[in-house]
Amino acid sequence: MHDKPAPSRTVAPETGHQAEPAAPRKKIFVKTYGCQMNVYDSARMVDVMAPTGYAEVDTPEEADIVILNTCHIREKAAEKVYSELGRLRDLKKEKSGRGESLVIGVAGCVAQAEGEEMRRRAPAVDLVLGPQTYHRLPEYIARLANGGPGIVETEFPAEDKFESLPVPDRRKTLARGATAFLTIQEGCDKFCTFCVVPYTRGSEFSRPVARILDEAKALADAGVREITLLGQNVNAYHGEDVKGGAATLGALIRDLAAVDGIEHIRYTTSHPRDMDEELIAAHAEVPELMPYLHLPVQSGSDRILEAMNRRHDAESYVRLVERIRAARPDIAMSSDFIVGFPGETDRDFEATLDLVRTVGYAQAYSFKYSPRPGTPAATEEDQLPEEVKSERLQRLQALLGEQQVAFNEACAGRIMPVLFDRRGKGERQLVGRSPWLQSVHVEDAPENLFGNIVEVEIEEGYRNSLRGRLRAAEAVVA
Ligand code: 5AD
Ligand code: SF4
């Protein structure tokens, strides 16, 4: 998964989960670090606590339970969590001085990696919860409320976490807007030598098609128009289909496109080795599938790709992009890059720049290599100095930045469908997403367009966004 800043999510105070809502008495605050999968997981932790009378709040000060949903993919993540825990320990003391209590939980990948160590270093922590067990949150909270000892749960239990979670509540989902994440696959069997994911999220697991369709229908009923299918290795998806066989991502996308109300579909993150013909064909044939693909390549050097255990070379990646573009000529490409992998020479780095020039990206994430404990690359001897990594990162980001600006500027004058999913700063300003995942700001937009897909004429492209105007009042396209 890639590490975009988690969008902030404000959810109206919710009451009970199903038919008979109980008035919320207690409050939960979940802080999300890292990737979109953590955003999804945080939402589901709130969902799973709702039937026990917990409503979500926006600050730790208001909360009875605080959960940090953590990310371990790159440097200093654990340190950040420990310093946040220091602040929470003080808050817990303050609250207990007032006769109030605070349960502190740490979930996600740092929790998985640190386990017992976390409670040793931060004794104020009551609960350490790996990503595979958050469906058991209500049970753990009940145990703690009954005066039970602190809990560390980092096993990968046999039961299916997803089966144990409620289908998203309609009203809650509504409050979350017109776009939603839907996790369809989790874990990874690829073992790239730099990456902790196979250790923190475990091996690949795909949810059955029927459950995903149920969740998509519930989301569509609640006003969601665009879903982003999530998985650490989403295109390795092989969930059980309705006939008991194994589905592919291409087939799943066709099924989802047939769900009433779902107008836009995206998926992330993909591995180049798992882009099969069926998925490429879906890009050609399914109009709901957006023309934007995040396909991480990490490096343009065959030597480094091999050392990373990426299982493909630079040329096969470039050819794959050509095939995808042949299927969907207007597709915009995005990627992740790592600079300063152990042993990376100037020549290797130049090969990465060459690949970027050849492919041409609309957007990309790039990172300095950061040794992750327990991964093979971390113990390589030829680690690079920080200055070399910084200098390469700067050069790569300059090139990617130029490509991004050029892509956005080239949108001026085009007319595109925009899904309005945020309110702007100005009175009548709405912000939406384009098919190419750009933010589009529109002035003088009536409120009733919120949550709809509308034709917008782009007037100008900037580095990180577009500005456009409505064409006609009747231009709602979905
Ligand atoms: N160092 C730097 N970047 C990393 N990523 C994953 N592990 C590391 C690491 N150890 C990046 C990869 C991946 C993205 C999610 O994070 O580019 O695609
Ligand atoms: Fe990590 Fe590689 Fe798996 Fe992606 S494919 S999650 S980078 S091991």
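Asks: Where do I start with the overall build of the chain in this structure?
Replies: If you tally the helices and strands in the chain, you get 14 helices and 19 strands. The globule rule puts the C-alpha radius of gyration for 478 residues at 23 Å, and the 23 Å found for the chain is close to it. Across its three principal directions, the C-alpha atoms of the chain cover 65 × 60 × 50 Å. Taken over 478 residues, the chain has a buried fraction of 58%.

Asks: Is there a simple way to think about the pattern of salt bridges in this case?
Replies: Here the structure, examined in full by the defined rule, presents 37 salt bridges. The partner of Glu-285 in a salt bridge is Arg-254, and the shortest N-O contact between them spans 2.8 Å. Taken together, the positions of Glu-285 in helix α10 (residues 277–285) and Arg-254 in helix α9 (residues 249–257) put the pair 31 residues apart, joining distant regions of the chain. Here Arg-319 and Glu-315 are joined by a salt bridge, their closest N and O atoms 2.7 Å apart. Here Arg-319 and its partner Glu-315 are both found in helix α12 (residues 314–327), four residues apart, which amounts to about one turn of the helix. Taken together, the shared-partner salt bridges in this structure form one network comprising Glu-226, Arg-266, Asp-421, Arg-422 and Arg-433.

Asks: Would you mind showing me how to read helix α8 (residues 209–221) here?
Replies: Between the first and last C-alpha of α8 there are 18 Å, a value that for 13 residues agrees with the 18 Å anticipated at 1.5 Å per step. Among all positions in α8, only Val-209, Ile-212, Leu-213, Glu-215, Ala-216, Ala-218, Leu-219 and Ala-220 are buried. The first or second residue beyond α8 is Gly-223, which carries a positive phi of 100 degrees.

Asks: How should I be thinking about the packing of aromatic side chains in this particular structure?
Replies: For any pair of aromatic rings, the description rests on two quantities: the centre-to-centre distance and the angle between the ring planes. Throughout the structure, instances matching the rule amount to three aromatic pairs. A ring pair is formed by Phe-191 and Tyr-199, whose centres lie 5.6 Å apart and whose planes are at 75 degrees; its orientation type is edge-to-face. You can call Phe-191 partly exposed: its relative accessible area is 37%. A ring pair is formed by Phe-341 and Tyr-369, whose centres lie 5.4 Å apart and whose planes are at 70 degrees; its orientation type is edge-to-face. Here Tyr-369 lies in the loop between β14 (363–368) and α14 (386–409) and Phe-341 lies in the loop between β13 (332–339) and α13 (346–359), a separation of 28 residues in the sequence. Neither Phe-341 nor Tyr-369 differs from the other in exposure class; each is buried. Its end group placed over the ring of Tyr-82, Arg-121 keeps NZ or CZ at 3.8 Å from the ring centre.

Asks: In this structure, what is going on with the sheet that holds strand β10 (residues 226–230)? I would like to understand it.
Replies: By way of backbone hydrogen bonds, the strands of a sheet pair with one another, either parallel or antiparallel. The three strands are arranged β7-β10-β11 in an open sheet whose pairing can be described as parallel. Since the sheet does not close on itself, it has two edges, and those belong to β7 (179–183) and β11 (264–268), each with one partner. Neighbour-to-neighbour, the strand axes of the sheet open up by a mean angle of 25 degrees, direction not taken into account. Here five bridges tie β10 to β11, and the two strands are oriented parallel to one another. Directly across from Glu-226, in β11, lies its bridge partner His-264. With respect to the sheet, α8 is in contact with β7 and β10, its orientation differing from that of β7 by roughly 165 degrees.

Asks: Help me understand the sheet that holds strand β3 (residues 65–70) in this model?
Replies: With parallel pairing, the six strands of this open sheet are ordered in space as β2-β1-β3-β4-β5-β6. Single-partner strands in this sheet number two, and they are β2 (54–56) and β6 (151–153). Each neighbouring strand pair of the sheet contributes to a mean axis angle of 20 degrees, computed without reference to strand direction. By the bridge criterion, five bridges tie strand β1 (residues 26–32) to β3 in an arrangement that is parallel. When the bridges of β3 are listed, Ile-28 appears paired with Ile-65. Helix α5 (residues 137–145) rests against β2, β3, β4 (103–107), β5 (127–129) and β6 of the sheet, and its axis sits at about 165 degrees to β5.

Asks: Before we go on, may I ask you to explain the side chain of His-271 in this structure?
Replies: Tracing the backbone shows His-271 in the loop between β11 and α10. For His-271, a relative accessible area of 3% gives the class buried. Other than its neighbours up to four places away in sequence, His-271 contacts Lys-190, Asn-233, Asn-235, Leu-295, Arg-310 and His-312.

Asks: Would you take a moment to explain unusual backbone geometry for this structure?
Replies: Phi is mostly negative for residues that are not glycine, and the peptide bonds are mostly trans. With an omega of 5 degrees, the peptide bond running from Thr-268 to Thr-269 counts as cis. Among the structural elements, Thr-269 can be located in the loop between β11 and α10. The backbone of Phe-191 shows a phi angle near 55 degrees, a positive value even though the residue is not glycine. Here Phe-191 lies in the loop between β8 (185–186) and α7 (197–200). A positive phi is found at Gln-298, a non-glycine position, where the angle reads about 75 degrees. The residue Gln-298 is located in the loop between β12 (292–294) and α11 (302–307) in this model. Overall, Gln-298 belongs to the buried group, its relative accessible area being 8%.

Asks: It is not clear to me how the environment of Tyr-361 should be interpreted in this structure. Could you clarify?
Replies: Looking at where Tyr-361 falls in the secondary structure, it is placed in the loop between α13 and β14. Assessed through its relative accessible area of 3%, Tyr-361 is described here as buried. On a C-alpha basis, the gap between Tyr-361 and Leu-85 in space is 38 Å, while along the polypeptide they are 276 residues apart. Residues within four places of Tyr-361 in sequence aside, it is in contact with Val-297, Tyr-317, Met-333, Ser-334, Ser-335, Phe-337, Leu-355, Val-356, Leu-400, Gln-403 and Gln-404. One polar contact links Tyr-361 to Tyr-317, side chain to side chain, over a distance of 2.9 Å.

Asks: Would you mind going over the state of the cysteines with me for this structure?
Replies: Among covalent bonds in proteins, the disulfide is the one between the sulfur atoms of two cysteines. Summed over all chains, the structure comprises zero disulfides. With no disulfide of its own, Cys-35 lies closest to Cys-71 among cysteine sulfurs, the gap being 6.1 Å. Residue Cys-35 is classed as buried on the basis of its relative accessible area, which comes to 9%. We note that Cys-109 lacks a disulfide partner, and the nearest cysteine sulfur, in Cys-71, lies 6.4 Å from it.

Reading the values: rules and limits
Residues numbered from 1 in each chain as written. Chains lettered and ligands numbered in written order. Predicted model: local features only at pLDDT ≥ 70, side-chain atom pairs only at ≥ 80, totals over all residues. Heavy atoms only, no water. Helix = DSSP H or I, 4+ residues; strand = E, 2+ residues; numbered from the N terminus. Rg over C-alpha atoms; globule rule 2.2 N^0.38 Å. Buried < 20%, exposed > 50% of the residue type's maximum accessible area, 1.4 Å probe, protein only. Salt bridge = Lys/Arg side-chain N within 4 Å of Asp/Glu carboxyl O. Expected span 1.5 Å × (residues − 1). Phe/Tyr/Trp six-rings, centres within 6.5 Å; stacked < 30°, edge-to-face > 60°. Lys NZ or Arg CZ within 6 Å of the ring centre and 35° of its normal. Pairing = 2+ DSSP bridges. Axes fitted to C-alpha atoms, helices over the stretch in contact; angles between N-to-C directions. Contact = heavy atoms within 4.5 Å. Polar contact = N/O pair within 3.5 Å; in protein donor to acceptor, adjacent residues only side chain to side chain. Disulfide = S-S within 2.5 Å.

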